[in-house]
Amino acid sequence: MNIFSKNLFKLEFKRSFKSLMIWSISLALSLLLVIMIYPMAKDMFEALEQMIEYLESIDSTFVGMLDSMGGIPDSGIEYFATEGAMFLQLLGGIFAALVGFGIINKDEKEKTVEVIYTLPISRQKLLFTKMAVVGVNLFIFMLIQVLIVDLGFLLVAPGEDISAIWMFGLFDYLMFLMIAYLSMFLALLLKPNQSSFIAIAIPFPLYIITMIAYATDNAFLKSLKYISPFTFAEPIGWLKEQSAFELTNFIIFSVLTVVSIVFSFMIFKKRQMI
C-alpha cells in the first residue's frame, strides 16, 4: 500500500525550506565562528593548565566542578565538544521541536487545513508524508552543521582527527528525529491553532536535566539522565571521554518515539478540521 505522496512532499518541503535554511545557515555560521577562534582558545587553555595544577595542589572544589563541565580540552575535537556541540544540541533540539510541532500546526494557523484535509489523500498518507518531510529537513540541517564544522577544522587545524564528528552527527540526527516526532504527537494532543513555541517545553527541560545529571554526584539526580534523549548523544562523553554508549537510554527513547508515532496516526485519523 502506497503511504507516501510525492506531490504533498514537494509542497510541504517548499513551505518549510526558507525556515530550514535560516536555522541551518545561522547555526552553522555560529559553529564556524566558535571553531575559528580555536587557535586563540588553545593558547588560553595552555595558560589555564598552570592554574589548574595550582588548584589541584590546594584541593580546590573548583577543579571538580570544571571536570564535570568537560575540563580543559586537549584537542580541537575536545574543544568543540565543550564549546560548540552543546550549543548545537540545544538549538538543534529546539529547531527539531518547532519543525515537528509546526508541520501539524501550520495548516491550522494558516487556514489551509480545510484544503489539505479534503485532498484525495488518506489521513495515513498525509501524516506519513509530513513525517518524511520532517526527517529530510532534519537530515539537511544536520548535514550542513557537520560539513561546516569539518570545514572550520580544515581551516584552523588541518591535522586534527575529526572523524568522530560524523558519528556524533548521526546520533544527533536520531535524537532530533525523536524530539520532532514527540513534538508532532504533542501538537496532535493539544487543541488546534496553538503556538509552536509550546514545543520548546520538550527539548529545553530535557537538556537541563541532562546537564544536571552529569554535573552532580547525587545518585538520584544522576539517574534522571535516562529520561532525556540528550543523554545517549551527550557531547563530552562522545567526543572527549569516549564513554560507553548509553544503550538503555537510546532504547527507552526509541520505544517512546515509536509508541508516540503509533498514537499520532490514531489521533490524526480522527482529528477534526477547524
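Details of the structure are given in the entry above.
The residue numbering used here restarts from 1 in each chain and proceeds along that chain's sequence as written. Reporting in this predicted model follows two pLDDT cut-offs: at least 70 for local features of residues, and 80 or more for side-chain atom pairs to be given and counted; totals over whole chains, interfaces and linings ignore these cut-offs and use all residues. Excluded from the side-chain calculations are hydrogens and water; all other atoms, namely the structure's heavy atoms, are used.

Q: So what's going on with the environment of Pro 203? Which residues, and what values?
A: Secondary structure is summarised from DSSP: a helix means a run of H or I of at least four residues, a strand means a run of E of at least two, and numbering begins at the N terminus for each. Considering the arrangement of structural elements, one finds Pro 203 in helix H8 (residues 203-215). By relative accessible area, Pro 203 is classed as buried at 0%. For the pair Pro 203 and Ser 228, spaced 25 residues apart in sequence, the C-alpha to C-alpha distance is 8.6 Å. Note on contacts: a residue pair qualifies if any of its non-hydrogen atoms lie within 4.5 Å across the two residues. Each residue touching Pro 203, except ones within four places of it in the same chain, is listed here: Gly 93, Ile 94, Ala 97, Ile 179 and Phe 230. Relative accessibility thresholds used throughout: buried, under 20% of the residue-type maximum; exposed, over 50%; partly exposed, between the two (1.4 Å probe, protein chains only).

Q: Got a sec to walk through the packing of helix H6 (residues 123-156) against helix H11 (residues 247-270)? Specific residues and values, please.
A: The packing of two helices is summarised by the inter-axis angle and the distance between the axes. Whenever a helix is involved, its axis is fitted only over the stretch in contact; in every case the axis is a line through C-alpha atoms, and angles between N-to-C directions fall within 0 to 180 degrees. For the pair H6 and H11, interaxial distance at closest approach is 9 Å and the crossing angle is 135°. With respect to H11, the axis of H6 lies oblique. The crossing of H6 and H11 is right-handed. Counting all contacts with H6, which are made through Arg 123, Gln 124, Leu 126, Leu 127, Phe 128 and Met 131, the residues of H11 involved are Ile 261, Ser 264, Phe 265, Phe 268, Lys 269 and Lys 270. Residue composition of the contact of H6 with H11, grouped by class: seven nonpolar, two polar and three charged. Between 65 and 115 degrees an angle is taken as roughly perpendicular, under 35 as roughly parallel, over 145 as roughly antiparallel, and anywhere else as oblique. Handedness of a helix crossing follows the sense of rotation of the near helix relative to the far helix, less than a right angle counterclockwise being left-handed and clockwise being right-handed. Following the grouping adopted for this structure description, the nonpolar residues are Ala, Val, Leu, Ile, Met, Phe, Trp, Tyr, Cys and Pro, the charged ones are Asp, Glu, Lys and Arg, and the polar ones are all others, Gly among them.

Q: If you had to explain the packing of helix H1 (residues 6-36) against H6 to someone new, which residues and values would you point to?
A: Closest axis-to-axis distance for the H1/H6 pair is 9 Å, and the angle between their directions is 25°. Between H1 and H6, the crossing angle belongs to the class labelled roughly parallel. Handedness of the H1/H6 crossing: right-handed.

Q: Lay out empty space enclosed by the protein with the relevant residues and their values.
A: Only protein atoms enter the 1 Å grid used here, on which a cavity is any set of points holding a 1.4 Å probe that cannot leave and a pocket is any open set flanked by protein within 12 Å on both sides along at least five of seven lines; residues with an atom within 4 Å of a point are listed as lining. Grid points are joined across faces, edges and corners, and a volume is the space filled by probe spheres set on the points. Summed over the entire model, instances satisfying the criterion amount to one cavity of 30 Å³ or more. What the largest cavity holds in volume is close to 30 Å³. Lining the largest cavity, in full, are Leu 31, Phe 80, Leu 88, Met 142, Gln 145, Val 146, Val 149, Ile 165 and Phe 168. Secondary structure elements with two or more residues in the lining of the largest cavity: helix H4 (76-109), H6 and helix H7 (164-189). In terms of residue count, the dominant contributor to the lining of the largest cavity is H6 (four residues). When grouped by side-chain class, the residues that make up the lining of the largest cavity number eight nonpolar, one polar and no charged.

Q: Tell me about the side chain of Ser 16, and please be specific about residues and values.
A: With respect to the helices, strands and loops of the structure, Ser 16 is situated in helix H1. Its relative accessible area of 12% is what places Ser 16 among the buried residues. Setting aside its immediate chain neighbours within four residues, Ser 16 contacts Lys 106, Val 133 and Asn 137.

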